[in-house]
Amino acid sequence: MRLHHNRIGSLGPWAIGSALFRSNLSLQGVSIAVTASGEGSIQQLNVKARRGDKAFPSIQETLEGRVVGAEVEDLNSDGLPDLSGGTRQVTSKPGRSTQF
């Protein structure tokens, strides 16, 4: 099993364009691009995945908090990668973990 994680930046001077978080992941021949952007405590999460020439349906979701991490693993051993991400709250509320 091959796991590749390339986090380009999150929060601060490493931001690229308007994206506050950007991560390129791959596992089992599937490449996944994760970006999050926005201001304040609301972020727009965008996930694009593809295997070779086949693109999977994109995911767009509004999240509360800033995206601080993304990881990929085959959690249920079905041969397809599962994406997990985490957020950090801007306020005193606890962060969250989300899986796709």
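Because the structure is a prediction, the values reported are computed rather than measured. (Residues numbered from 1 in each chain as written. Predicted model: local features only at pLDDT ≥ 70, side-chain atom pairs only at ≥ 80, totals over all residues. Heavy atoms only, no water.)

Let's talk about the overall build of the protein
- The helix and strand inventory of the protein stands at 0 helices and 9 strands.
- From first element to last, N terminus to C terminus, the protein shows the α and β order β-β-β-β-β-β-β-β-β.
- Counting every position in the protein, which comprises 100 residues, the buried fraction comes to 32%.
- For the protein, contacts bridging at least 24 residues in sequence account for 29% of all contacts bridging at least 6.
- For the protein, the exposed surface amounts to about 6000 Å²; the carbon and sulfur share of it is 52%. (Helix = DSSP H or I, 4+ residues; strand = E, 2+ residues; numbered from the N terminus. Buried < 20%, exposed > 50% of the residue type's maximum accessible area, 1.4 Å probe, protein only. Contact = heavy atoms within 4.5 Å. Areas by Shrake-Rupley, 256 points an atom, 1.4 Å probe, with all protein chains shown as cover.)

Remarks on the environment of Thr 91
- Residue position: Thr 91 is located in the loop between β8 (82-88) and β9 (97-99).
- Between the alpha carbons of Thr 91 and Ser 41 there is a distance of 7.7 Å; along the sequence they are 50 residues apart.

Brief notes about the layout of surface pockets
- Counted as a void, the largest pocket has a volume near 260 Å³.
- Along its surface, the largest pocket is lined by 13 residues, and Ile 32, Ala 49, Phe 56, Ile 59 and Pro 81 are the ones closest to its centre.
- The set of elements that each furnish at least two residues to the lining of the largest pocket consists of β3 (30-37), β4 (42-51) and β8.
- Tallied by class, residues from the lining of the largest pocket come to 11 nonpolar, no polar and 2 charged. (1 Å grid on protein atoms, 1.4 Å probe; cavity = no way out; pocket = protein on both sides within 12 Å on 5 of 7 lines; lining within 4 Å. Points joined across faces, edges and corners; volume = space filled by probe spheres on them. Nonpolar A, V, L, I, M, F, W, Y, C, P; charged D, E, K, R; others polar.)

Observations concerning the pairing of β3
- Across the two faces of β3 the burial differs, with Val 30, Ile 32, Val 34 and Ala 36 buried and Ser 31, Ala 33, Thr 35 and Ser 37 not buried at all.
- Pairing analysis gives 7 bridges linking β3 to β4, with the strands arranged antiparallel. Across the sheet, the residue bridging to Val 34 is Val 47, located in β4. (Pairing = 2+ DSSP bridges.)

Here we look at the confidence of the model for the protein
- In this model, the protein carries a mean pLDDT of 79, and residues with pLDDT of at least 70 account for 72%.
- Averaged pLDDT values for the elements of the protein fall to 39 in strand β1 (residues 3-10) and rise to 96 in strand β5 (residues 54-55). (pLDDT = per-residue confidence, 0-100.)

Observations regarding the environment of Phe 21
- Along the chain, Phe 21 turns up in strand β2 (residues 19-27).
- What makes Phe 21 buried here is its relative accessible area of 1%.
- It is 5.4 Å that separates the C-alpha atoms of Phe 21 and Thr 35, two residues lying 14 residues apart in sequence.

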